[in-house]
Amino acid sequence: MGLLNRLGDPYNAEGVILGTMEQILNWGRAKSDWFMSFGLACCAIEFMAVNASHFDFMRFGTIPRPSPRQSDFMIVSGTVTMKMAERVKRLYEQMPDPKYVMSMGSCANAGGPYWEHGYHVLKGVDRIIPVDVYVPGCPPRPEALLEGMIMLQSMIRKEEIFKKRDKIKAEDEAKDIKAV
Amino acid sequence: METLEIFDRLQAEFGAEIIDTGGAAPGDLFISVNPERIVDICLYLRDSAEMKFDYMSSLSGVQNKDNSFAVVYHLYSVSLKHRVVIKTGLAEENPKLPTVERVWKCADWHEREAFDLLGIEFEGHHNMIRILNPYDWEGFPLRKDYQGQEEYHGVRIPY
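Residues numbered from 1 in each chain as written. Chains lettered and ligands numbered in written order. Predicted model: local features only at pLDDT ≥ 70, side-chain atom pairs only at ≥ 80, totals over all residues. Heavy atoms only, no water.

### A word on the overall build of chain B
In plain terms, the rule: Only DSSP runs of H or I with at least four residues qualify as helices, and only runs of E with at least two residues qualify as strands; both kinds are numbered from the N terminus onward. Partly exposed describes any residue whose relative accessible area lies between the buried limit of under 20% and the exposed limit of over 50%, with all areas from a 1.4 Å probe on protein chains only and scaled to the type maximum. The contact definition used throughout considers only heavy atoms, calling two residues in contact when any of these lie within 4.5 Å. Areas reported as accessible are Shrake-Rupley estimates using a 1.4 Å probe. Residue values count occlusion only from the protein chains shown. For the purpose of charge, His is not counted, nor are the chain termini; Lys and Arg are scored as positive and Asp and Glu as negative. Just so you know, the charge point we use is NZ for Lys, CZ for Arg, CG for Asp and CD for Glu.
Within chain B, the regular secondary structure consists of 3 helices and 9 strands. Reading chain B from its N terminus to its C terminus gives the helix and strand order α-β-β-α-β-β-β-β-α-β-β-β. Overall size of chain B, expressed as C-alpha extent along the three principal axes, is 55 × 30 × 25 Å. Out of the 159 residues belonging to chain B, those deemed buried represent 44%. Counting only contacts in chain B whose residues sit at least 6 apart along the sequence, the fraction spanning at least 24 positions is 46%. Put simply, chain B shows about 8,500 Å² of open surface, and 50% of that area lies on carbon and sulfur atoms. Taking the average location of the 16 positive side-chain charges in chain B and that of its 27 negative ones, the two points are 4 Å from each other.

### A closer look at the interface of chain B and chain A
As a reminder, the rule being used: Here the buried area means the combined drop in accessible surface, using a 1.4 Å probe, for two parts upon being joined, counting both sides. The term salt bridge refers to a pairing of a side-chain nitrogen on Lys or Arg with a carboxyl oxygen on Asp or Glu at a separation within 4 Å. Here a polar contact is taken to be a pair of N or O atoms separated by no more than 3.5 Å, where protein atoms must pair a possible hydrogen donor with a possible acceptor and residues adjacent in sequence count only if both atoms sit in side chains. Ten residue types, Ala, Val, Leu, Ile, Met, Phe, Trp, Tyr, Cys and Pro, are classed as nonpolar, four, Asp, Glu, Lys and Arg, as charged, and the remainder, Gly among them, as polar.
Taken together, the contact pairs 15 residues of chain B with 13 residues of chain A. Interface area for chain B against chain A, summed over the two sides, is near 1,200 Å², with a carbon-plus-sulfur share of 64%. Three residues, Val-155, Ile-157 and Tyr-159 of chain B, lead the burial of chain B against chain A; their summed loss comes to 47% of the area buried on that side. Our count for the chain B to chain A interface comes out at 0 salt bridges. Here chain B and chain A share 5 residue pairs in polar contact (both at pLDDT 80 or more) between them. Here the residues of the side of chain B that touches chain A are counted per class, giving 12 nonpolar, 2 polar and 1 charged.

### Details of the sheet that holds strand β5 (residues 133-135) of chain A
All names here are of chain A. What counts here: Only when DSSP finds a minimum of two bridges between them are two strands counted as paired. What counts as an axis is a line fitted to C-alpha atoms, over the stretch in contact for a helix, and the angles between N-to-C directions run from 0 to 180 degrees.
The strand order β2-β1-β3-β4-β5 describes an open sheet built from 5 strands, whose pairing is parallel. Strands at the two margins of the open sheet, each flanked by one partner only, are β2 (63-65) and β5. Strand-to-strand twist in this sheet, taken as the mean axis angle between neighbours without regard to direction, amounts to 30 degrees. As paired strands, strand β3 (residues 73-77) and strand β4 (residues 100-104) are joined by 5 bridges and run parallel to one another. Note that in β4 the partner of Phe-73 across the bridge is Tyr-100. Strands β1 (34-36), β3 and β4 of the sheet are contacted by helix α3 (residues 43-51), whose axis makes an angle of about 130 degrees with β3.

### Remarks on the pairing of strand β5 (residues 83-90) of chain B
All names here are of chain B. Direction of pairing for strand β2 (residues 30-33) relative to β5: parallel, over a ladder of 3 bridges. Within β5, the residue paired with Ile-31 across the bridge is Ile-86. Pairing geometry for strand β4 (residues 69-76) and β5, over 8 bridges, is antiparallel. Residue pairing across strands places Tyr-76 opposite Arg-83, the latter belonging to β5.

Right under this line is the structure:
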């Protein structure tokens, strides 16, 4: 609890932190995201720079995992060809829930320079898997990817865990009523 | 050895199979040959003591302005440090020529690429399948009349 030591226990609480269960769980989830380490094109080079010591991606609590089964999110870093699209989709399906996707660079966002004549390029990875954060750039600067990571973390922090089921249930019931 | 000298030697050896030599600049010269005896010509270029073209740097498929096809061989001799460019012309309909896979082993993937993108068939190749595109891809993407697929495995391709 280095943070509390630095603050000098401002509330005289002897190290006790107050918060909802959801806040504390989400805090942990947001600060410990494991990502699947794979790269597709030149964005992967920039992605490697992000992972290296100068930009130090691991200070966000991210750890590269070689297996989709141990990953919390995937960074689609580069051009997704039609041949690769099926593999990317399969990798996404192999990840355990909750899972997130960051789309890195113009190619993964919308086809990039291949948007018109790229007969073999998927025009945006969101055509096959749901994307949570889009990072623009060709390729994005490492700082842009860090910004994307911060956005993903703030998204995870605000996520509902407990009421989510009730909410989904209510939505499903509403759909059923409509369907009837 | 210079391209023009190689042209003379080849013509002495193969006669009418060697069509002509062309190119604008001295470094840009090439030799046009008939595709039928390309394997013999390549074997001669590889094994002759004066030539010793032991390295094929590139084999490329080309579709010309008049829609006919061509295959271009860039050869280099590591021991004699000279290079030459050999071109063969092919018809627009059903372009095919013998493989040189058994002359230079690296021709294997080069020929598969030319087949994948332009549909030039190399007869006698042990594994004439696509190399870059998926195996069930339709059409040959670098042909001038190529129309892209609308959909691949249920995913829309156009922007």
